[in-house]
There are 2 protein chains.
Amino acid sequence: MNRIRIAIDCMGGDNAPEAPVQGALDALAESDEIEVILVGREADIQKALTGKKYDASRLSIVNATEVIETAEHPVSAINSKKDSSMVVALKLVKTGEAEAILSAGNSGALLVGGQTVVGRIPGVKRAPFAAMMPTASGASLLVDTGANVDARSDMLVNWALLGTIYMKEVVGRENPTVGIVNIGAEEEKGNALVKETMPLLRETAGINFVGSVEARDIPTGGTDILVCDAFVGNIIIKMYEGVAKTMMNALQKGFKATPVAALGALMSLPSLKKSLKDFDVSQYGGAPLLGVKGLVMKTHGSAKAKEFKNSCLQCIAFVKNDVVGKMQAALAEEKQK
Amino acid sequence: MNRIRIAIDCMGGDNAPEAPVQGALDALAESDEIEVILVGREADIQKALTGKKYDASRLSIVNATEVIETAEHPVSAINSKKDSSMVVALKLVKTGEAEAILSAGNSGALLVGGQTVVGRIPGVKRAPFAAMMPTASGASLLVDTGANVDARSDMLVNWALLGTIYMKEVVGRENPTVGIVNIGAEEEKGNALVKETMPLLRETAGINFVGSVEARDIPTGGTDILVCDAFVGNIIIKMYEGVAKTMMNALQKGFKATPVAALGALMSLPSLKKSLKDFDVSQYGGAPLLGVKGLVMKTHGSAKAKEFKNSCLQCIAFVKNDVVGKMQAALAEEKQK
């Protein structure tokens, strides 16, 4: 089988170029199914590679002189910086020189570039970001976590379909369940968007719809795919992060409060760490942009080598199981009805 | 000074009538500034009072034969069950026989009843529920947490004004800050509602607007009032609850995993408990319905005596500082412009 070629935007994110380069090397070491194409300022990349050991036959560098900054306006950045690491990497996917692009750079630009450079699958109204979210009973896929803040009901139905294919083919869930994020379980609950989307989800073939899921039950888990507009999706992801961080700080304060507590902490920490590991978002790596003609994977701006590595490894099943082809087929079928 | 009379819906919530009755007695014992009017089926209330000690001169019972159930349709429940504990208690506020009503019953019904029986202050477009949310740096008031899921920008501005008066007069914050819940700090971020509301908040007098607040920063705290539509507000509150609960479960699992960890847990728990106490929602009691001509206070369905007590005590500053009068004055001023 041909190896899966991943174009890595080495200039994106807070820890560029060290973290993307190191993550790529770690992924190469862990799987021989991939090749990596490091895209960015060649001198910077070479410097980050200095002294490292890797299989050079599966690594190449593509020079790109420009960098899209985090604060830049997405559309104008994609249009004006044709020689940026992000645009060059996106083009490698468009021309078929790579199957996937991975970037920790400007999310808006990646969203625009993914749709305009790589292009949407016919029938996809708007491409959403999807993120694997840790829960107490395995991960859930949350769609949309950052692309379309004022979504319409037909988009949410679209995303439920795309998410179903992703969870089946990439994560290996059989007949994955779909829920809609809501503020109550009763039929009459919800805002206008949710009320309009609910009956559509119920009647669309290929979606195993289970109804409303309250935010309180999201961390418990149990539903494979959760759909919502990107404003709500972002709130969910960020609350997860914020509450967990604040609680950990409070715990640490508590552990340090008295000498006895500190000793107790030493004794219980190894076991605590193991049990909290399930909530470590970095294990899941990236958030794919669903519904484009290739794999566009976003990892967060502060991602470290571990997230880059895990994101690279996530690409394997996506490409091997021809998720793009299956999405194309499902949407063509949907259209014929 | 006249005592503050609180009508307590003794039939609402999962723990009725014991929890509301006990909470009322505990509040009576803690403050001599209040009187309580227990509303509901007299026999049930008498039974719950049996064997308890309390200052009978500050407690009265008003019989109400009907009960509004949690699953009932709010409008029809308020219209058809005129002799329900909730409607009778609301009427006591309307007629001036009580200054406040406290209920753990059907939120939708209380929302409808608060606006139709007690009535809105002129200039209030829609009454929102406001909730005190624990954060690492003191509580924030989140408005709206449950009333208006498809809100308009003029409503959010209205709520910012009502929230400001509440935080100043009831919680004692000087020149309280107002933020809008958003998905990023940059000016161009947000959905249509947020983008429309932002300039209005900036130009409205009497609001100390500080801009966008990301969900990630909500648990850290620092902003006195946070405005958002009730769909988003509900997601925030429920994520708070869900993530905290799931993490505590994971911790407990970790503490029990090995004998050494368990011993460590014993040693560190007293100190941990103290440091996590700041995140205990029950300390704040209830969520007031802002903008009505009296104090309508909701506490959650599973509230125990402690929440009822704290909600009663919360009523004191609200009434003493004439929050309703100040809201009326502020809105009349706003209207003249």
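About the thresholds
Residues numbered from 1 in each chain as written. Chains lettered and ligands numbered in written order. Predicted model: local features only at pLDDT ≥ 70, side-chain atom pairs only at ≥ 80, totals over all residues. Heavy atoms only, no water. Pairing = 2+ DSSP bridges. Helix = DSSP H or I, 4+ residues; strand = E, 2+ residues; numbered from the N terminus. Right-handed = clockwise from strand over helix to strand, strands pointing away. 1 Å grid on protein atoms, 1.4 Å probe; cavity = no way out; pocket = protein on both sides within 12 Å on 5 of 7 lines; lining within 4 Å. Points joined across faces, edges and corners; volume = space filled by probe spheres on them. Nonpolar A, V, L, I, M, F, W, Y, C, P; charged D, E, K, R; others polar. Contact = heavy atoms within 4.5 Å. Buried area = accessible area lost by both parts, 1.4 Å probe. Salt bridge = Lys/Arg side-chain N within 4 Å of Asp/Glu carboxyl O. Phe/Tyr/Trp six-rings, centres within 6.5 Å; stacked < 30°, edge-to-face > 60°. Buried < 20%, exposed > 50% of the residue type's maximum accessible area, 1.4 Å probe, protein only. Least-squares fit on C-alpha atoms with pLDDT ≥ 70 in both. Axes fitted to C-alpha atoms, helices over the stretch in contact; angles between N-to-C directions. Polar contact = N/O pair within 3.5 Å; in protein donor to acceptor, adjacent residues only side chain to side chain.

S.K.: What's the story with the pairing of strand β8 (residues 208-214) of chain B in this structure? I'm lost.
M.R.: Consecutive residues of a regular strand have side chains that alternate between opposite faces of the sheet. Residue and element names in this part refer to chain B. As judged from the six bridges shared by strand β7 (residues 177-182) and β8, these two strands associate in the parallel manner. Within the sheet, the bridge partner assigned to Val-181 lies in β8 and is Val-213. Taking the sense of rotation as the criterion, the β-α-β connection linking β7, helix α7 (residues 192-203) and β8 turns out right-handed.

S.K.: Please clarify how empty space enclosed by the protein should be interpreted in this entry.
M.R.: Using a probe with the size of a water molecule, rolled over the atoms, empty space left in the structure can be pinpointed. Considering all chains together, one arrives at four cavities of 30 Å³ or more under this definition. Estimated volume of the largest cavity: approximately 50 Å³. Forming the walls of the largest cavity are Phe-231 of chain A together with Leu-156, Ile-180, Val-181, Asn-191, Leu-193, Val-194, Val-227, Cys-228, Asp-229 and Val-232 of chain B. Elements with a minimum of two residues in the lining of the largest cavity: β7 and α7 of chain B. Residue composition of the lining of the largest cavity, grouped by class: nine nonpolar, one polar and one charged. Quantified by volume, the second largest cavity comes out at close to 40 Å³. In terms of lining residues, the second largest cavity is bounded by Leu-156, Ile-180, Val-181, Asn-191, Leu-193, Val-194, Cys-228, Asp-229 and Val-232 of chain A together with Phe-231 of chain B.

S.K.: Hey, could you run me through the environment of Leu-266 of chain A in this one?
M.R.: Locating Leu-266 of chain A in the fold gives a position in helix α9 (residues 259-276). For Leu-266 of chain A and Phe-255 of chain A, which are eleven residues apart along the polypeptide, the C-alpha to C-alpha distance reads 8.9 Å.

S.K.: Would you mind going over the interface of chain B and chain A with me for this structure?
M.R.: Accessible area lost when the parts come together is the quantity often used to give the size of an interface. Listed by partner, the interface residues are 49 residues for chain B and 49 residues for chain A. The contact between chain B and chain A buries some 4600 Å² in all, and 76% of this surface belongs to carbon and sulfur atoms. It is Phe-231, Met-239 and Met-247 of chain B that lose the most area in chain B upon contact with chain A, and together they represent 15% of the buried surface on that side. The tally of links between chain B and chain A comes to four salt bridges. Note that Glu-241 of chain B and Arg-216 of chain A form a salt bridge whose closest N and O atoms lie 2.9 Å from each other. Class assignment of the residues belonging to the side of chain B that touches chain A gives a composition of 31 nonpolar, twelve polar and six charged.

S.K.: Could you clarify how one ought to interpret the packing of aromatic side chains in this entry?
M.R.: Here a ring pair, both rings aromatic, is described through the centre-centre distance and the interplanar angle of the planes. All names here are of chain A. Per the counting criterion, the structure on display carries two aromatic pairs over all chains. Ring centres 5.9 Å apart and planes at 55 degrees place the aromatic pair Tyr-166 and Phe-318 in the tilted group. Here the residue Tyr-166 occupies a position in helix α6 (residues 153-169), and Phe-318 occupies one in helix α10 (residues 305-320), the gap between them amounting to 152 residues. Each member of the pair, Tyr-166 as well as Phe-318, is classed as buried.

S.K.: In this structure, what is going on with the relation of the copies chain B and chain A? I would like to understand it.
M.R.: Turning one copy of the chain about an axis and sliding it along that axis gives the other copy, so a rotation and a shift relate them. With an RMSD of 0.0 Å, the fit of chain B onto chain A corresponds to turning through 180 degrees and sliding 0.0 Å along the axis. What the superposition gives is, in effect, a two-fold axis relating one chain to the other. Residue Gly-264 of chain B, judged by its C-alpha, is the member of chain B lying nearest the rotation axis, at 1.8 Å. Both copies contact each other with a shared surface, as 100% of the interface residues of chain B are interface residues in chain A too.

S.K.: Even after reading the chapter, I still don't get the sheet that holds β7 of chain B, so can you show me in this structure?
M.R.: Strand-to-strand pairing in sheets goes through backbone hydrogen bonds, with the strands running parallel or antiparallel. All names here are of chain B. Pairing is mixed in the open sheet, where five strands are placed in the order β5-β6-β9-β7-β8. Two strands close off the open sheet at either side, each with one partner strand: β5 (130-133) and β8. Each strand of the sheet is rotated relative to its neighbour by a mean of 30 degrees, with strand direction disregarded. Lying over the sheet, helix α8 (residues 230-256) contacts β5, β6 (140-143) and β7, oriented at roughly 30 degrees with respect to β5.

S.K.: How should the pattern of salt bridges be read in this particular structure?
M.R.: Opposite charge on two side chains permits them to pair, given that their charged atoms come into close proximity. All names here are of chain A. Throughout the structure, instances matching the rule amount to 24 salt bridges over all chains. For the salt bridge of Glu-30 with Lys-309, the shortest nitrogen-to-oxygen distance reads 3.1 Å. Highlighted residues: Glu-30 in helix α1 (residues 18-30) and Lys-309 in helix α10, separated in sequence by 279 residues. Here Asp-55 and Arg-58 are joined by a salt bridge, their closest N and O atoms 2.9 Å apart. On the accessibility criterion, Asp-55 (31% relative accessible area) is partly exposed.

S.K.: Whenever I open this one, the side chain of Ser-140 of chain B confuses me. Can you help?
M.R.: Residues and elements named next belong to chain B. With respect to the helices, strands and loops of the structure, Ser-140 is situated in strand β6. Looking at Ser-140, its side chain comes within polar contact range of the main-chain oxygen of Thr-223, at 2.8 Å. Non-local contacts of Ser-140, meaning those with residues more than four positions away in its chain, are made with Ala-131, Met-132, Met-133, Thr-135, Gly-221, Thr-223, Asp-224 and Leu-226.

S.K.: What exactly am I supposed to notice about the sheet that holds strand β2 (residues 34-40) of chain B here?
M.R.: Residue and element names in this part refer to chain B. The strand order across the open sheet built from six strands is β3-β2-β1-β4-β11-β10, with neighbouring strands paired in mixed fashion. What marks the edges here is a single partner per strand, and that holds for β3 (59-63) and β10 (287-289). When the angles between neighbouring strand axes are averaged without regard to direction, this sheet yields 25 degrees. Pairing of strand β4 (residues 100-103) with strand β11 (residues 295-298) involves four bridges; the strand directions are parallel. Looking at β11, one finds that Ile-101 is bridged to Val-296. Strands in contact with helix α1 (residues 18-30) are β1 (4-9), β2 and β3; relative to β2, the strand with the most contacts, it is inclined by about 170 degrees. Packed on one face of the sheet, helix α5 (residues 107-119) meets β4, β10 and β11 and runs near 180 degrees to β11.

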